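# Structural description and commentary
Spelled out, the chains give:
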Amino acid sequence: MTDLTPDEARRLVLRAQGLLGSDGRRGGVQGMLRRLGAVQLDTISVLARSHELVAYARLGAVGRPVVEKAYWDDPARSFEYWCHAACILPIEHWPLYAFRRRAYHERRYRWHEVPDSVGKLREQVRESGPLTTADVGGAKNGGPWWDWSDSKIGLEWLLDIGEVVCTRRVGWRRVYDLAERVVPAGLLAEELTDEECVTRLAAIAGRSLGVATRGDLIDFLRLQGRFATLLDEVLASGAAGLTPVRVHGWPTGRAGRNGAGGGPNAWADPAALESEPRGRHRTTLVSPFDSLIWHRGRTERVFGFAYQLELYVPKHKRVHGYFTMPVLAGGRLIGRVDPAREGTTLVARNLSLEPGLTSARWVDALHEALWSAAAWVGCDSVRVERADPPHLVQTLNTTPAP
């Protein structure tokens, strides 16, 4: 049993996520993807799309075309599938999601009824692929966003069960091709049991998170029912290769309260425990869909940072803004910014420093985070419209570019 303070756990988390020390830059975008295990996709683009922001947060001003090419290249080095959500995953992880593909196949339902025409779609991909939904009649019937065409439903179903795969996008459209044509033969032939899949994915999630509770691992992989039970079994047996730890002040869930009673309340990557995290902390804006913060309860537990994404909140009820991005500096989440772009100006429509923090201590970090992001997206000026404390508006607007 290893005992950790909350600060020790936080630093292990940051290093595992590539946000502390130089290892986070090793291997570029592909190296980052393999360390994180999964990078979430989302359609919203404010400064950039989330999968680009995740790379920027760790690698700095790497060109956005470089990021895109690293994710979606030929031959395939990654693929899209369901992990925490719709994610980009390393291609070598293809066999590990067999448990989910089988579960989808058993259910034969994907938000919509699977159309009878799915067999014809499969043959169309075989004969004419790779293709997008535009090649088979479009993605929607013309109604709300969920009013998918039968072609879109069928292609997504084939993706769910692993008969087709998306390894690249064109104009943000998925390109679908037969798995047998895209996935390397050795990976395609590897057949794992559900237990083997969950065991290996638990190890990947544990390495990515650094230190994680059972709930954190469940959330990372979105496990339910018998798969959550399998996770419990492989954690208890040690098959996942993770080390049980006790983080003071973290809840223990099923085994007690606040680390009391001597039992573990989290698991850690054993390699991460071998050395103390050292190096420079990243100062950056963080995407709301970054795996550092995508579990809001974990974000509050690790960083003491209560975070809600308000894009689905009615405008008149928003407190911080539409697409508020936390500001990471000094290994802490020090504030939040609601960004926008007006021509070549990055606009902070609302900026706030966390309660208890002094602007004198953190104003330089806020300045660096704003201007670094501005330069990356091609902006040559920054304008802060509202701030808390209010004097930061004048301070940040009159401070010259670095």
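Throughout what follows, the structure given in this document is the object of discussion.

Our focus in this paragraph is the pattern of salt bridges. In the structure shown here, the tally under the stated rule is 30 salt bridges. Taking the shortest distance from any N to any O, the salt bridge between Glu92 and Arg34 comes out at 2.7 Å. Taken as a pair, Glu92 in the loop between β4 (86–90) and α5 (98–107) and Arg34 in helix α2 (residues 28–36) lie far apart in primary sequence, 58 residues in all. Given a relative accessible area of 31%, Glu92 falls into the partly exposed group. Residue classification places Arg34 among the partly exposed positions, given a relative accessible area of 31%. As a salt-bridge pair, Arg64 and Glu52 come within 3.3 Å of each other at their nearest N and O atoms. Taken together, the residues Arg64 in helix α4 (residues 64–71) and Glu52 in helix α3 (residues 50–59) connect sequence positions twelve residues apart. Here Glu52 falls in the buried class, since its relative accessible area comes to 5%. Through salt bridges with shared partners, one network takes in Glu80, Lys152, Glu156, Arg169 and Arg174.

Along α4, the positions that sit buried rather than exposed are Val67, Ala70 and Tyr71. Down the axis of α4, the buried side of the element spans an arc of 95°, and every buried residue falls inside it. Buried residues along α4 sit against α2, β2 (39–40), α3, β3 (78–82), β4 and β7 (164–170).

Attention shifts here to the pairing of β3. Among the five residues that make up β3, five are buried, leaving the element largely enclosed by the rest of the structure. Of the two faces of β3, the one lined by Ser78, Glu80 and Trp82 and the one lined by Phe79 and Tyr81 are each fully buried. Linking β3 back to β4 in an antiparallel pair, the connection comprises three residues.

Okay, the side chain of Arg282 next. Relative to the helices and strands, Arg282 is located in the loop between β11 (266–268) and β12 (284–285). Of the buried charged residues, Arg282 lacks a salt bridge, with Glu368 as the closest side chain of opposite charge at 6.2 Å. At 3.2 Å, the side chain of Arg282 and the backbone oxygen of Tyr56 are in polar contact. Once residues lying within four places of it in the same chain are set aside, the contact partners of Arg282 are Gly18, Leu19, Tyr56, Ala57, Arg58, Gly60, Leu328, Ala329 and Gly330.

Let us now look at the sheet that holds β4. Taken in spatial order, the three strands of this open sheet run β2-β4-β3, and their pairing is antiparallel. Only two strands of the sheet have a single partner each, and these edge strands are β2 and β3. Looking at chain direction, β3 and β4 are connected through five bridges and run antiparallel. Note that in β4 the partner of Glu80 across the bridge is Ile88.

Attention now moves to unusual backbone geometry. For the bond from Asp388 to Pro389, the omega torsion is 5°, close enough to zero to count as cis. You can see Pro389 is positioned in the loop between β17 (387–388) and α15 (392–398). Even without being a glycine, Trp172 presents a positive backbone phi close to 70°. Here Trp172 shows up in the loop between β7 and β8 (173–178). The backbone of Arg222 shows a phi angle near 50°, a positive value even though the residue is not glycine. Summarising the element assignment, Arg222 is placed in the loop between α11 (214–221) and α12 (225–237). Relative accessible area serves as the criterion here: at 40%, Arg222 is assigned to the partly exposed category.

Glancing now at the pairing of strand β14 (residues 332–342). Among the eleven residues in β14, eight count as buried, and that is most of the element. Sheet analysis places strand β13 (residues 325–329) next to β14, joined by five bridges and oriented antiparallel. The residue of β14 that forms the bridge with Pro326 is Arg336. In this structure, the hairpin formed by β13 and β14 is closed by a connection of two residues, where Gly330 is found at a positive phi of approximately 60°. Across eight bridges, the pairing between β14 and strand β15 (residues 345–353) is antiparallel. Bridge pairing in β15 links Asp338 to Asn350. In textbook terms, the turn of a hairpin is the stretch between consecutive antiparallel strands, and for β14 and β15 this stretch comprises two residues, one of which, Gly343, has a positive phi near 60°.

Cut-offs applied
Residues numbered from 1 in each chain as written. Predicted model: local features only at pLDDT ≥ 70, side-chain atom pairs only at ≥ 80, totals over all residues. Heavy atoms only, no water. Salt bridge = Lys/Arg side-chain N within 4 Å of Asp/Glu carboxyl O. Helix = DSSP H or I, 4+ residues; strand = E, 2+ residues; numbered from the N terminus. Buried < 20%, exposed > 50% of the residue type's maximum accessible area, 1.4 Å probe, protein only. Arc of directions from axis to C-beta. Contact = heavy atoms within 4.5 Å. Pairing = 2+ DSSP bridges. Lys, Arg positive; Asp, Glu negative; His and termini not counted. Polar contact = N/O pair within 3.5 Å; in protein donor to acceptor, adjacent residues only side chain to side chain.

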